[in-house]
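Chain and residue survey
Each chain is listed here by its residues.
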Amino acid sequence: VRRTSLSAGAAIAISALAPTGCGSDSQATLTVSAAASLQSAFTDYADHFGAAEVRQSFAASDQLAAQIRQGARPDVFASADTALPDQLHHAGLTGRPRTFAGNRLVIAVPTGSEKVRSLADVERPGTAVVVGEPAVPVGAYTRQVLGRLPAAKRRAIVANIRSQEPDTTSVLAKVAEGAADAAFVYATDVEAAGGGVRAIRLPASLQPTVAYGVAVVRGLEHPGLARRFVAGLIHGAGERALRRAGFLPPP
Amino acid sequence: MRAARPWFPAIAFVALAVALAFLVIPVVAVFTNTGPGELVSALGEHGAREALWLSLRTSLAAVAVIVLVGTPAAYLLANRAFRGRALVLTLIELPLVMPPAAAGIALLAAFGPNGILGGAIHDAGIELVFETAGVIVALVFVAAPFYLRAGVAAFAALDASSLEASRTLGAGPGRTFLRVAIPEASGGLAAGLALAWGRALGEFGATLMFAGSFPGVTRTASLEIFATFNTPNGFTAALALSGVLVAVSGALLLTVKLVSGERALEGRGI
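Read on for a plain summary of the structure. (Residues numbered from 1 in each chain as written. Chains lettered and ligands numbered in written order. Predicted model: local features only at pLDDT ≥ 70, side-chain atom pairs only at ≥ 80, totals over all residues. Heavy atoms only, no water.)

**Considerations on the side chain of Gln56(A)**
Residues and elements named next belong to chain A. Here Gln56 is to be found in strand S2 (residues 53–59). At 2.8 Å, the side chain of Gln56 forms a polar contact with the backbone oxygen of Phe42. The contacts of Gln56, once residues within four sequence positions are left out, are Val32, Phe42, Thr43, Ala46 and Phe229. (Helix = DSSP H or I, 4+ residues; strand = E, 2+ residues; numbered from the N terminus. Polar contact = N/O pair within 3.5 Å; in protein donor to acceptor, adjacent residues only side chain to side chain. Contact = heavy atoms within 4.5 Å.)

Written as structure tokens, this is what we have:
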């Protein structure tokens, strides 16, 4: 009797593990690692992607790339820049990347606050500024903006930086909770946040080219599904979801 | 029933082997995944040393606060029976089981710029968010329960007659606390201190959410590990810093075992 119940237990344990192993028959599951800024657009797209159930994980693009370098194998990697997918492609970890969307960098400020109304206010001593880490795309774009400023203005803003956050979501959170007076994030982040924060546009001369790259990860069970997901980002349901969330066409 | 005897010890043995392997392999991998030379040179990086130094300073400051306030508080809780004592004991242990992200949010809701005490703190001229002081607040919040818990257990286990003898000989309650209770409970207190210190060194989520992350100001070793891991080729540097934290935590745990002997394992009092 005992032996039977033991093997029954083993059978239950095995069947609980099974869905991750076999997915090709009835309803396939597509796993997508995507930049934190893509969360609302990709969640919307997943609801409209009929071919498979889409399981997504959103985090800083550099963190997702580091996971793939350490052996993680999602089906699709979508990054807030083109450099990280290019690096993974050169390392033989993904197929050729495609650029699928653009975005703008803005200054996010708390809705009620009048402390920061323009870039000049960000330079004023005592303004608490939050940016992304240099390694995360939003932080790299922010440094491009700062690099285009005259040295004195750049130094003034750099001196006001109080925190370097791991991803764009936590950069924006520091403004939303009232800790920071200003933060450099994507325009779509501010739109997705609803109230609480508003965006101040950057002068066109300072605006960096924000391009999103996507690649299909090598060595998959069903690369066809992953390619369909990517194709939909360029023409189709994914593209429409991106426009609804405020993303620009690829630059 | 008779058939059960031969195979159960074997299953238990296998279970122990699986548990041991699962818990030990990741710890060993921190030191063996990359060569020792690379690990040591990664520690020479400015960012790594700055983060370790900040972790050391903030965790020591937090432990100092915890010991100064926690020792008399634990003594009172151990020696007084009062209505609601069980509730107080539960409340001070709550941060032990609180998820770090929830702790970060809770600290913001209480002491953040828009928190219920945020205005008063700001008016008092104290800045916590984006400041080293904010890191210390986060560390105290997550680590204090370890010391309080151990302190209450250590004081509760004291021989009541020696405390009474001290009082009959004319020592006041303060003198009895300092000269008799603390020395006699020192093993349990030291164990609690080491556990609290270990927890403070490892703090991540509450620090990032409440204090932010800036090199030299709020970026502790745990935050530096996270920041370094994401950079290309940052895995080795992250491993090296992890190795230091694992070694220090291991040393602290060993200290707990040595100073408290078997007493810490018996779990008396609460």
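This is not the end of the story, as more comes after the structure.
**Here we look at the interface of chain A and chain B**
The interface of chain A with chain B comprises 25 residues on the first partner and 24 residues on the second. Interface area, chain A with chain B, both sides summed: about 2000 Å², of which 59% is carbon and sulfur. Linking chain A to chain B there are 2 salt bridges. For Arg219(B), the salt bridge goes to Glu133(A), with nearest N and O atoms at 2.5 Å. On inspection of chain A and its partner chain B, the count reaches 8 residue pairs in polar contact (both at pLDDT 80 or more). Sorting the residues of the side of chain A that touches chain B by element identifies helix H1 (2–21), helix H3 (61–69), strand S7 (161–165) and helix H8 (168–176) of chain A as the ones contributing at least two each. Residues of the side of chain A that touches chain B, tallied by class, amount to 10 nonpolar, 7 polar and 8 charged. (Buried area = accessible area lost by both parts, 1.4 Å probe. Salt bridge = Lys/Arg side-chain N within 4 Å of Asp/Glu carboxyl O. Nonpolar A, V, L, I, M, F, W, Y, C, P; charged D, E, K, R; others polar.)

**A look at a nonpolar patch on the surface**
All names here are of chain B. On the surface, a nonpolar cluster with roughly 520 Å² of combined accessible area is contributed by Leu20, Phe22, Leu23, Val24 and Val28. By the secondary structure assignment, Phe22 is in helix H1 (residues 4–32). Judged by relative accessible area, which is 65%, Phe22 ranks as exposed. (Patch = residues over 30% accessible without salt bridge, like charges linked within 9 Å, V, L, I, M, F, W, Y side chains within 5 Å. Areas by Shrake-Rupley, 256 points an atom, 1.4 Å probe, with all protein chains shown as cover. Buried < 20%, exposed > 50% of the residue type's maximum accessible area, 1.4 Å probe, protein only.)

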